[in-house]
Amino acid sequence: MITAGESHGPGLTCVIEGLPAGMVLDREAINRDMARRQLGHGRGGRMKIESDTAEPTGGVRHGRTLGGPVALWVANRDYANWEERMNPWPVDSPPEEVHLPRPGHADLAGVQKYGFTDVRNVLERASARETAARVAGGAVCKAFLRALGVEVVSHVLAIGTVTAAVRRSLELADFAVVDDSPVRCLDAEGSRAMVAHIDAQRKANESLGGIFEVRAYGLVPGLGSHVSFEERLDTRLAAAICSIQAIKGFELGDGFALTSRPGSQAHDEIFHSAERGFYRETNHAGGVEGGMTNGQTLIVRGAMKPLPTLTKPLRSVDIATLEPAEALRERTDSCTVPAAGVVGEAMIAYVLAGAYREKFGGDQLADVLAALAAYRARIDWRSS
Ligand code: EPS
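The structure displayed is predicted, hence computed values, not measured ones.

Engineer: Kindly report on the overall build of the chain, identifying the contributing residues and their values.
Structural biologist: If you tally the helices and strands in the chain, you get nine helices and 17 strands. Rg of the C-alpha trace for the chain: 22 Å, near the compact-globule value of 21 Å for 384 residues, within the 12% margin. By its C-alpha atoms, the chain is 75 × 50 × 40 Å across when sized along the principal axes. Expressed as a percentage of its 384 residues, the buried residues of the chain come to 50%. Taking contacts inside the chain between residues at least 6 apart in sequence as the whole, the part at least 24 apart equals 71%. Of the roughly 18,600 Å² that the chain leaves accessible, carbon and sulfur atoms contribute 54%. Looking at charge distribution, the chain has the averaged site of its 43 positive side-chain charges lying 2 Å from that of its 48 negative ones.

Here you go:
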């Protein structure tokens, strides 16, 4: 998957390669994910301007994939207000440059690396607006996974100092109501406390980070591999989550909590019965052992830092005068952890779609399904 586009440019593009022909795409399902990414208590004014949709511009005919790259277009409505400043072509009166890098953003390292004098040349692409294109691509990957019996979902576990009280043993059905919460949290009391926390911190000109969790239900064992570090699924899952703007931490299964437990309480014992085949009674590993899925639910978490665009700016330096100055003040969100969960779903769906394609090949969806069925039959040790 590759994306292109700037936050206030004409729009964003996503291109995904490697999807089989014959997949049915549901326009509403794709645009539902686009809308879910825009929601969440703590969003700023931009989300009132945008009403994101993803339109296929290649690789799809009459709602079915053709086997070539799938291209999706997400228009930036706000471009209408930025046409002079962000026009791809030269304009009569060039806009004023931005010289005030924000601590925590790509701004300073970006202008140094690329030799710019205008911070806008960096911040426009570094912006998390880019995740709209990833969610478009992720929705197509989800369509592929859904055809294979896999569902990818997410929820919020913490915002700032407020932590949700949620069972670890969540079922897929529990996620049906997650988008009813304004912070996409499955604990009603926690949800209310998170909203209040965001409101209080926003009033104090602060932004907030938090933790989201992504789960994938219905996976076969054996995606990824122990044989090389690059093929380990953990490698790719961590990269996918850490590639999301503002993510500073990644956990798989019980993650950091495993470090304080004795070995006897850190692993998932193996059982077998004639009806169920191999099974586990716990899932500390988060569905991955030795770099491969083990057939349990995949559980990964991302830790998001507080957004670095602040309404009460931090200290910085004017890169033109080298004088102390306040960092750039831009319209911003105060908390985007609920949206980051939706982006996490897209990224995990992308990794899993790739892992299924690697393992089962197939130019046509029916070939993938046949290969998957043959594999399931081979590893079915229920009665042996
Ligand atoms: C946006 C994410 C944030 C928003 C952006 C839209 O991006 P950033 O990483 O730059 O803070 O602030 O909206 C704006 C830049 C704006 O004009 O308000 C998103 O997820 O769509």
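Engineer: I'd like a rundown of helix H7 (residues 233-242), residues and numbers included.
Structural biologist: Looking at H7, one finds that the buried residues are Leu233, Arg236, Leu237, Ala240 and Ile241. Angular distribution of buried residues about the axis of H7 spans 130 degrees; they occupy a single face of the element. Tucked into the core, H7 has its buried residues touching strand S9 (210-217), strand S10 (247-252), strand S13 (288-289), strand S14 (292-293), strand S15 (298-304) and helix H8 (337-360).

Engineer: Provide a residue-level description of the pairing of strand S11 (residues 270-273), including the pertinent values.
Structural biologist: Successive side chains on a regular strand alternate, one facing one side of the sheet and the next facing the other. Note: S11 against strand S12 (residues 277-280), four bridges, orientation antiparallel. Paired with phenylalanine 271 across the strands is tyrosine 279, a residue of S12. As consecutive antiparallel partners, S11 and S12 are separated by three residues.

Engineer: Residues and numbers for the site of the ligand, please.
Structural biologist: Taken together, the residues surrounding the ligand are Ser7, His8, Arg37, Arg43, Arg46, Met47, Asp78, Ser127, Ala128, Arg129, Arg331 and Asp333. A distance of 3.3 Å separates an oxygen atom of the ligand from a polar atom in the side chain of arginine 43. In a pocket analysis with a 2 Å cut-off to the grid points, the ligand is assigned to the second largest pocket.

Engineer: Now, about the pairing of S10: what can you tell me, with residues and values included?
Structural biologist: With respect to burial, S10 is a largely interior element, five of its six residues being buried. For S10 and S15, the ladder comprises five bridges, and the chain directions are antiparallel. Directly across from glycine 249, in S15, lies its bridge partner alanine 303.

Engineer: Before we move on, can you summarise unusual backbone geometry with the specific residues and values?
Structural biologist: The phi torsion at histidine 62 lies on the positive side, around 50 degrees, for a residue other than glycine. With respect to the helices and strands, histidine 62 occurs in the loop between strand S4 (60-61) and strand S5 (64-65). One non-glycine residue with positive phi stands out, namely alanine 246, at about 75 degrees. Structurally, the position occupied by alanine 246 is in the loop between H7 and S10.

Engineer: With reference to specific residues and values, describe the nonpolar core.
Structural biologist: Counting 74 residues, the largest nonpolar core has Leu237, Leu298 and Tyr356 as the members making the most contacts within it. Examining the composition of this core, we find that 14 residues originate from one element, H8, more than from any other. Beyond its immediate sequence surroundings of up to four residues, tyrosine 356 is in contact with Phe144, Leu145, Leu148, Val150, Gly218, Leu219, Val220, Leu223, Gly361 and Leu372. Counting six residues, the second-largest nonpolar core is a separate cluster that includes Val98, Val111, Leu123 and Leu328.

Engineer: Can you break down the layout of surface pockets residue by residue, with the values?
Structural biologist: By volume, the largest pocket amounts to about 1,000 Å³. What lines the largest pocket is a set of 27 residues, and nearest its centre among them are Pro221, Phe278, Asn294, Gly295 and Gln296. Elements with a contribution of two residues or more to the lining of the largest pocket: S12, S14 and helix H9 (365-378). A total of four residues in the lining of the largest pocket trace back to one element, the largest contributor, which is S12. Partitioned by chemical class, the residues of the lining of the largest pocket number 10 nonpolar, 10 polar and seven charged. Its volume calculated, the second largest pocket comes out at about 770 Å³.

Engineer: Account for the sheet that holds S10, naming residues and giving values.
Structural biologist: Taken in spatial order, the five strands make up an open sheet running S8-S7-S9-S15-S10, and their pairing is antiparallel. Whereas interior strands pair on both sides, the edge strands pair on one side only; in this sheet they are strand S8 (162-163) and S10. The sheet contacts of helix H6 (residues 188-203) involve strand S7 (151-159) and S8, and relative to S7 the element is tilted by about 60 degrees.

Engineer: Describe the sheet that holds strand S3 (residues 55-58), with residues and values.
Structural biologist: Reading across the sheet, the four strands line up as S1-S2-S6-S3 and stay open at both edges, with antiparallel pairing between neighbours. The sheet terminates laterally at strand S1 (2-4) and S3, the two strands that pair on one side only. Neighbour-to-neighbour, the strand axes of this sheet turn through a mean angle of 25 degrees, independent of strand direction. For S1 and strand S2 (residues 11-16), the ladder comprises three bridges, and the chain directions are antiparallel. Bridge pairing links isoleucine 2 to valine 15 in S2. Contacts from helix H5 (residues 131-147) reach S1, S2 and strand S6 (70-75), with the element oriented near 35 degrees to S2.

Engineer: I'd love a proper account of the packing of aromatic side chains, names of residues and values included.
Structural biologist: For the structure shown, the criterion picks out six aromatic pairs. Taking the centre distance of 5.4 Å and the plane angle of 65 degrees together, the rings of phenylalanine 360 and tyrosine 375 count as edge-to-face. Taken together, the residues phenylalanine 360 in helix H8 and tyrosine 375 in helix H9 connect sequence positions 15 residues apart. Classification of phenylalanine 360 as buried rests on a relative accessible area of 9%. Taken together, the ring pairs in this structure connect Tyr356, Phe360 and Tyr375 into an aromatic cluster. A cation over an aromatic ring shows up here: arginine 85 above the ring of tryptophan 82, its NZ or CZ 3.7 Å from the ring centre.

Definitions and cut-offs
Residues numbered from 1 in each chain as written. Predicted model: local features only at pLDDT ≥ 70, side-chain atom pairs only at ≥ 80, totals over all residues. Heavy atoms only, no water. Helix = DSSP H or I, 4+ residues; strand = E, 2+ residues; numbered from the N terminus. Rg over C-alpha atoms; globule rule 2.2 N^0.38 Å. Buried < 20%, exposed > 50% of the residue type's maximum accessible area, 1.4 Å probe, protein only. Contact = heavy atoms within 4.5 Å. Areas by Shrake-Rupley, 256 points an atom, 1.4 Å probe, with all protein chains shown as cover. Lys, Arg positive; Asp, Glu negative; His and termini not counted. Charge placed at Lys NZ, Arg CZ, Asp CG, Glu CD. Arc of directions from axis to C-beta. Pairing = 2+ DSSP bridges. Near = heavy atom within 4 Å. Polar contact = N/O pair within 3.5 Å; in protein donor to acceptor, adjacent residues only side chain to side chain. 1 Å grid on protein atoms, 1.4 Å probe; cavity = no way out; pocket = protein on both sides within 12 Å on 5 of 7 lines; lining within 4 Å. Sits in = over half its atoms within 2 Å of the grid points. Core = buried A, V, L, I, M, F, W, Y, C linked by side-chain atoms within 4.5 Å. Points joined across faces, edges and corners; volume = space filled by probe spheres on them. Nonpolar A, V, L, I, M, F, W, Y, C, P; charged D, E, K, R; others polar. Axes fitted to C-alpha atoms, helices over the stretch in contact; angles between N-to-C directions. Phe/Tyr/Trp six-rings, centres within 6.5 Å; stacked < 30°, edge-to-face > 60°. Lys NZ or Arg CZ within 6 Å of the ring centre and 35° of its normal.

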